[in-house]
Amino acid sequence: MQQKLNDFINDNKLMIQEEMKTHMHNLDIPSRLKKSMIYSIEAGGKRLRPILLLAGFNAYGSNVNKVLSTAIALEMIHTYSLVHDDLPAMDDDDLRRGQPTNHKVFDDATAILAGDALLTYSFELITNDSYLTNDQKVYIVKLLAEASGPKGMVAGQILDMEAEKKEINLQELETIHTLKTGELLRFAIRSGAYIGEATNEQVEYLDEFAYYLGLIFQVQDDILDVTGDQEKIGKPVGSDEANQKNTYPKLLGLDGAIEKKQHYVKMAKNALKNANAETSYLMLLTDYFSNRDH
């Protein structure tokens, strides 16, 4: 089963990367802007969000062309958020995935505009998708705007910034990560299943699954910041503590964080069973998220 999952991840990661490159290189836009956008798109990454979207679709649908534009749009929004996160006014990071961050290679203004362009182009991609009906386009754009905007990822980012250097409780930490990380993961799974024509009940159970998967992802991120290999995770180990960020190990201790993650895994798998997706790639990806080392 592990080899089956590895093949699914690697094949789809390659497909997503090639599709993104094709879209970027075909854009007729100012050269510096294009280079900056391509730099961050081609910086690599796990492509977990589009892979999750494809897994959500795969549980119910078959023609992968129906979800490609949405998957690419999602990864562009994720990439824009990283470009902006790294800026001096935000996390002020010099490295991303082991490479100089966008604003270090170009400049702050270009990085901001490249992020803006990735965000807005993502919606253009969905609305130009010939495989989707107009109703599907409206639904997906609405869902993506909610997940990435002031009620979703952006809300999580500002709450995360406000929480730095002050004590917060576990519920507040979960809220931050549900918004900052979980909303895009939720979009990935929900939109994939929706395009794959899952029933409304199945989509709602997958929503519950996505909530816990987002928390699993973040707990493991926090654990890796304590125990990870710097070369694998692409950033200095201990950066969260150095930046006085609130994390699961800080609130619960390392053992407590691992125990909490195991609880989330149990809840996620139970929701998958209720969605009739216990034999899907989503089940295998739950363990993958929980045990990843980068």
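Residues numbered from 1 in each chain as written. Predicted model: local features only at pLDDT ≥ 70, side-chain atom pairs only at ≥ 80, totals over all residues. Heavy atoms only, no water.

1. Topic: the overall build of the chain
The number of helices and strands found in the chain is 14 helices and two strands. Projecting the C-alpha coordinates of the chain onto the three principal axes gives extents of approximately 50 × 50 × 35 Å. Burial statistics for the chain: of 294 residues in total, 51% are counted as buried. Sequence-distant contacts in the chain: of pairs separated by 6 or more residues, those separated by 24 or more amount to 72%. When the accessible surface of the chain is split by element, carbon and sulfur atoms take 48% of a total near 13500 Å². Of the side-chain charges in the chain, 31 are positive and 44 negative, and the distance between the mean point of each set is 1 Å. (Helix = DSSP H or I, 4+ residues; strand = E, 2+ residues; numbered from the N terminus. Buried < 20%, exposed > 50% of the residue type's maximum accessible area, 1.4 Å probe, protein only. Contact = heavy atoms within 4.5 Å. Areas by Shrake-Rupley, 256 points an atom, 1.4 Å probe, with all protein chains shown as cover. Lys, Arg positive; Asp, Glu negative; His and termini not counted. Charge placed at Lys NZ, Arg CZ, Asp CG, Glu CD.)

2. Concerning the side chain of Thr101
Secondary-structure assignment places Thr101 in the loop between β2 (99-100) and α5 (102-105). For Thr101, the contacting residues outside a window of four places in its chain are Tyr39, Asp86, Asp93, Asp94, Leu95 and Arg96.

3. Re the confidence of the model for the chain
On average, residues of the chain score 91 in pLDDT, and 94% of them are at 70 or above. Within the chain, the lowest mean pLDDT, 56, falls on helix α11 (residues 230-233), and the highest, 98, falls on helix α6 (residues 108-127). (pLDDT = per-residue confidence, 0-100.)

4. Concerning the pattern of salt bridges
Counted according to the given criterion, the structure contains 13 salt bridges. When the shortest N-O distance is used, the salt bridge between Asp86 and Arg96 registers 2.8 Å. Taken together, the positions of Asp86 in the loop between α4 (65-85) and β1 (95-96) and Arg96 in strand β1 put the pair 10 residues apart, joining distant regions of the chain. In this structure, the salt-bridge partner of Glu183 is Arg186, at a minimum N-O distance of 3.2 Å. With a gap of three residues between them, Glu183 and Arg186 both fall in helix α9 (residues 170-195), about one helical turn apart. (Salt bridge = Lys/Arg side-chain N within 4 Å of Asp/Glu carboxyl O.)

5. Some thoughts on the packing of helix α1 (residues 2-25) against helix α3 (residues 48-58)
For the pair α1 and α3, interaxial distance at closest approach is 10 Å and the crossing angle is 115 degrees. By the angle between their directions, the pair α1 and α3 is classed as roughly perpendicular. α1 and α3 meet at a crossing whose hand is right-handed. Between α1 and α3, the residues in contact are Phe8, Ile9, Asn12, Lys13, Met15 and Ile16 and Pro50, Ile51, Leu54 and Ala55, respectively. Among the residues forming the contact of α1 with α3, the class breakdown is eight nonpolar, one polar and one charged. (Axes fitted to C-alpha atoms, helices over the stretch in contact; angles between N-to-C directions. Parallel < 35°, antiparallel > 145°, perpendicular 65-115°, else oblique. Left-handed = near helix turned anticlockwise from the far one by under 90°. Nonpolar A, V, L, I, M, F, W, Y, C, P; charged D, E, K, R; others polar.)

6. Topic: a nonpolar patch on the surface
Taken together, the side chains of Val226, Leu254 and Ile258 present a nonpolar region at the surface, about 200 Å² in accessible area. Relative to the helices and strands, Leu254 resides in helix α13 (residues 248-274). With relative accessibility at 31%, the residue Leu254 sits in the partly exposed group. (Patch = residues over 30% accessible without salt bridge, like charges linked within 9 Å, V, L, I, M, F, W, Y side chains within 5 Å.)

7. Re the packing of aromatic side chains
This structure, assessed with the given rule, holds eight aromatic pairs. Their ring planes at 75 degrees and their centres at 5.0 Å tell us that Tyr211 and Tyr212 sit as a pair that is edge-to-face. Classification of Tyr211 by relative accessible area gives partly exposed; the value is 33%. By relative accessible area, Tyr212 is classed as buried at 15%. A network of ring pairs unites the aromatic residues Tyr211, Tyr212, Tyr248 and Tyr264 as a single cluster. Over the aromatic face of Phe217 sits the side chain of Arg49, whose NZ or CZ is 5.5 Å from the ring centroid. Positioned above the aromatic ring of Phe217 is the side chain of Arg292, whose terminal nitrogen or guanidinium carbon lies 4.1 Å from the ring centre. (Phe/Tyr/Trp six-rings, centres within 6.5 Å; stacked < 30°, edge-to-face > 60°. Lys NZ or Arg CZ within 6 Å of the ring centre and 35° of its normal.)

8. Re the environment of Lys165
Position of Lys165 among the secondary structure elements: in the loop between α8 (153-163) and α9. For the pair Lys165 and Phe57, spaced 108 residues apart in sequence, the C-alpha separation works out to 40 Å.

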